[in-house]
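# Structural features, examined
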Amino acid sequence: MTETAPPRSPNFPQRSEVHERIVGPNFTLAKLGKIEELTRYGIRHPLVGATIPGKVFLNEVLDLTAMEISFGLLAPHRSIPFYHKHKQNEEVYLFLSGVGEYQIDGEIIPISEGTAVRVAPDGVRTARNTGDEPMFYIVIQAKQGSLEQWTGTDGVPVPGAVTWE
Ligand code: ZN
């Protein structure tokens, strides 16, 4: 049986243009550079027909297989320029700097550094930066209901003292 990989996000620049990328047998590491320089990345969204600077999906960069993660940097006084929802993935937005508003099914809620929002697939969502500083955020999405183990049961201690030599 052949496995069909899902289509990758239309990042620019491409994976090979990420600052640094190290691939080992059990890891993929990528250095995308300084957060304030994230605008060197972006996506050309095929469905929206818009170019979104400061947004970079990590699926291809990190060879992700179970979740989608993206960095986003929203310029001062700018909105994500469209509404969207999902077919099967729930989404978590983690706002790490700035102030703004989150809009979900027409409800508008203030957000700021340290705000986390979980949205079910059907929620119609967008966000905007209402402040004078860039708003940095991370979006994680994974199939709703697919999580079978939590940290407390999935994490397994490995014996031995930690050394760094
Ligand atoms: Zn989404």
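Overview of the structure. (Residues numbered from 1 in each chain as written. Predicted model: local features only at pLDDT ≥ 70, side-chain atom pairs only at ≥ 80, totals over all residues. Heavy atoms only, no water.)

The helix and strand inventory of the protein chain stands at two helices and 13 strands. Each of the three principal axes of the protein chain carries a C-alpha extent, and together these read 50 × 40 × 35 Å. Residues classed as buried in the protein chain amount to 33% of the 165 residues present. Looking at the protein chain alone, contacts between residues at least 24 apart form 63% of all its contacts between residues at least 6 apart. Entry remark: accessible area of the protein chain is about 11100 Å², with carbon and sulfur atoms responsible for 55%. Distance from the positive charge centre (15 side chains) to the negative charge centre (20 side chains) of the protein chain: 6 Å. (Helix = DSSP H or I, 4+ residues; strand = E, 2+ residues; numbered from the N terminus. Buried < 20%, exposed > 50% of the residue type's maximum accessible area, 1.4 Å probe, protein only. Contact = heavy atoms within 4.5 Å. Areas by Shrake-Rupley, 256 points an atom, 1.4 Å probe, with all protein chains shown as cover. Lys, Arg positive; Asp, Glu negative; His and termini not counted. Charge placed at Lys NZ, Arg CZ, Asp CG, Glu CD.)

With phi around 55 degrees, Asp-63 is a residue other than glycine that occupies positive phi space. By relative accessible area, Asp-63 is classed as partly exposed at 31%. Located in the positive-phi region is His-77, a residue other than glycine, with phi close to 60 degrees. On the secondary structure map, His-77 appears in the loop between strand 7 (68–74) and strand 8 (89–95).

Purely geometric stuff here, so don't read any function into it on its own.
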